[in-house]
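The chain contents come next:
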Amino acid sequence: MTDGAAGDGTPAGEVLIRSGVILTGRALFKGWAITTTLWLVGLYIVLAATSQGFLLDLALMVLMYGSGIALATGVPLAWMLGYLLRPIRNQWVHVAAFFLVPTLGFWALGSLLGFGWSIGALGLWATVGLAAALGRIAVWKDVAVR
């Protein structure tokens, strides 16, 4: 087998369609599942510590609403970030982006919805970014680097 004209290791006559860091479907699902689980557990702990009981009802509410929010916002955001970061091969940049973009994005959205621009609110939304960054670290070996 000979290398292609570009010397990129592809067989002669074949064209490498995508290059960079590719977030596969398996990696996207695994990262979403880990991120969502971490975020929902953390959210439940915070809400349970400040609630007046009804812990089972609270758990069901967090699971139902949190999973929906994570599915509706997390999957498109992860796919878009993965696509935009594809040319960058340094995966630590990916982890940093998976922390910063959700944190600042949800902080801005929450602030526009009336939660305020406080540092405390930023800390609350940083839990989303932390869960996303840990989810991205979890799929580090599952991505294709070309």
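Residues numbered from 1 in each chain as written. Predicted model: local features only at pLDDT ≥ 70, side-chain atom pairs only at ≥ 80, totals over all residues. Heavy atoms only, no water.

### Here's the deal with the overall build of the chain
What counts here: A run of DSSP states H or I qualifies as a helix once it reaches four residues; a run of E qualifies as a strand once it reaches two. Both are numbered from the N-terminal end. Burial here depends on accessible area, computed with a 1.4 Å probe over protein chains only, as a share of the maximum for the residue type. Under 20% is buried, over 50% is exposed, and the range in between is partly exposed. In what follows, a contact means two residues having at least one pair of non-hydrogen atoms within 4.5 Å. Shrake-Rupley sampling with a 1.4 Å probe provides the accessible areas, and residues are treated as covered by the protein chains on show and by no other component.
Per the secondary structure count, the chain includes four helices and two strands. By residue count, 31% of the 146 residues in the chain fall in the buried class. The long-range fraction of contacts in the chain, counting pairs at least 24 apart against all pairs at least 6 apart in sequence, stands at 62%. Element-wise, carbon and sulfur atoms account for 73% of the exposed surface of the chain, whose accessible area totals about 9200 Å².

### What to know about the packing of aromatic side chains
Two descriptors summarise a pair of aromatic rings, namely the distance from one centre to the other and the angle between the planes of the rings. The following threshold applies: A pair of aromatic rings is counted whenever rings of Phe, Tyr or Trp (Trp by its six-membered ring) have centres within 6.5 Å, and the orientation is called stacked for planes under 30 degrees apart, edge-to-face for over 60 and tilted otherwise.
Under the criterion given, the structure shown has five aromatic pairs. Taken together, a centroid distance of 6.1 Å and an interplanar angle of 35° make the contact between Phe 29 and Trp 32 tilted. Placement of both Phe 29 and Trp 32 in helix 1 (residues 25-50) is noted, with a separation of three residues, approximately one turn of the helix. Given the relative accessible area of 21%, Trp 32 is considered partly exposed. For the ring pair Trp 79 and Tyr 83, a centre distance of 5.7 Å and an interplane angle of 15° mean the geometry is stacked.

### Regarding the packing of helix 3 (residues 91-112) against helix 4 (residues 119-138)
Threshold: The axes used here are C-alpha line fits, helices contributing only the stretch in contact, and every angle between their N-to-C directions lies in the interval 0 to 180 degrees. Roughly parallel means an angle under 35 degrees; roughly antiparallel means over 145; roughly perpendicular covers 65 to 115; every other angle is labelled oblique. Handedness of a helix crossing follows the sense of rotation of the near helix relative to the far helix, less than a right angle counterclockwise being left-handed and clockwise being right-handed. By the convention adopted, Pro, Cys, Tyr, Trp, Phe, Met, Ile, Leu, Val and Ala count as nonpolar, Lys, Arg, Asp and Glu as charged, and the other residues, Gly among them, as polar.
With their axes 8 Å apart at the nearest point, helix 3 and helix 4 run at an angle of 150° to one another. The angle between the axes of helix 3 and helix 4 places the two elements in the roughly antiparallel class. Considering only the axes of helix 3 and helix 4, their crossing is right-handed. For the pair helix 3 and helix 4, contact is made by Gln 91, Trp 92, His 94, Val 95, Phe 98, Phe 99, Pro 102, Thr 103, Leu 104, Phe 106, Trp 107 and Gly 110 and by Ala 121, Leu 122, Trp 125, Ala 126, Val 128, Gly 129, Leu 130, Ala 132, Ala 133, Arg 136 and Ile 137, respectively. Along the lines of polarity and charge, the residues of the contact of helix 3 with helix 4 split into 17 nonpolar, five polar and one charged.

### Considerations on the side chain of Thr 103
You can see Thr 103 is positioned in helix 3. Using a relative accessible area of 4% as the deciding quantity, one classes Thr 103 as buried. Setting aside chain neighbours within four positions, we find Thr 103 in contact with Leu 122, Trp 125, Ala 126 and Gly 129.

### A word on the pattern of salt bridges
Applicable threshold: The rule for a salt bridge is simple: a side-chain nitrogen of Lys or Arg has to be within 4 Å of a carboxyl oxygen of Asp or Glu.
The tally for this structure, following the rule as stated, stands at two salt bridges. Close ionic contact of Asp 142 with Arg 26 constitutes a salt bridge, the shortest N to O distance being 3.1 Å. Of the two residues, Asp 142 sits in the loop between helix 4 and strand 2 (144-145) while Arg 26 sits in helix 1, which places them 116 residues apart along the sequence. Residue Asp 142 is classed as partly exposed on the basis of its relative accessible area, which comes to 21%. A salt bridge links Asp 142 to Lys 30; the nearest nitrogen and oxygen atoms lie 2.8 Å apart. With Asp 142 in the loop between helix 4 and strand 2 and Lys 30 in helix 1, this residue pair connects regions lying 112 residues apart in the sequence. Classification of Lys 30 as partly exposed rests on a relative accessible area of 29%. Residues joined by salt bridges that share partners form a network here, namely Arg 26, Lys 30 and Asp 142.

### A short note on the nonpolar core
What counts is decided by this rule: The term nonpolar core refers to a set of buried residues drawn from Ala, Val, Leu, Ile, Met, Phe, Trp, Tyr and Cys, joined through side-chain atoms within 4.5 Å.
Core analysis: the largest hydrophobic core is formed by ten residues, namely Trp 39, Leu 40, Leu 58, Val 62, Phe 106, Trp 107, Ala 121, Trp 125, Val 128 and Ala 131. Those elements that place two or more of their residues in this core are helix 1, helix 2 (55-84), helix 3 and helix 4. Tallying contributions element by element places helix 4 first for this core, with four residues. Aside from chain neighbours lying at most four places away, what touches Leu 58 is Tyr 44, Leu 47, Ala 48 and Ser 51.

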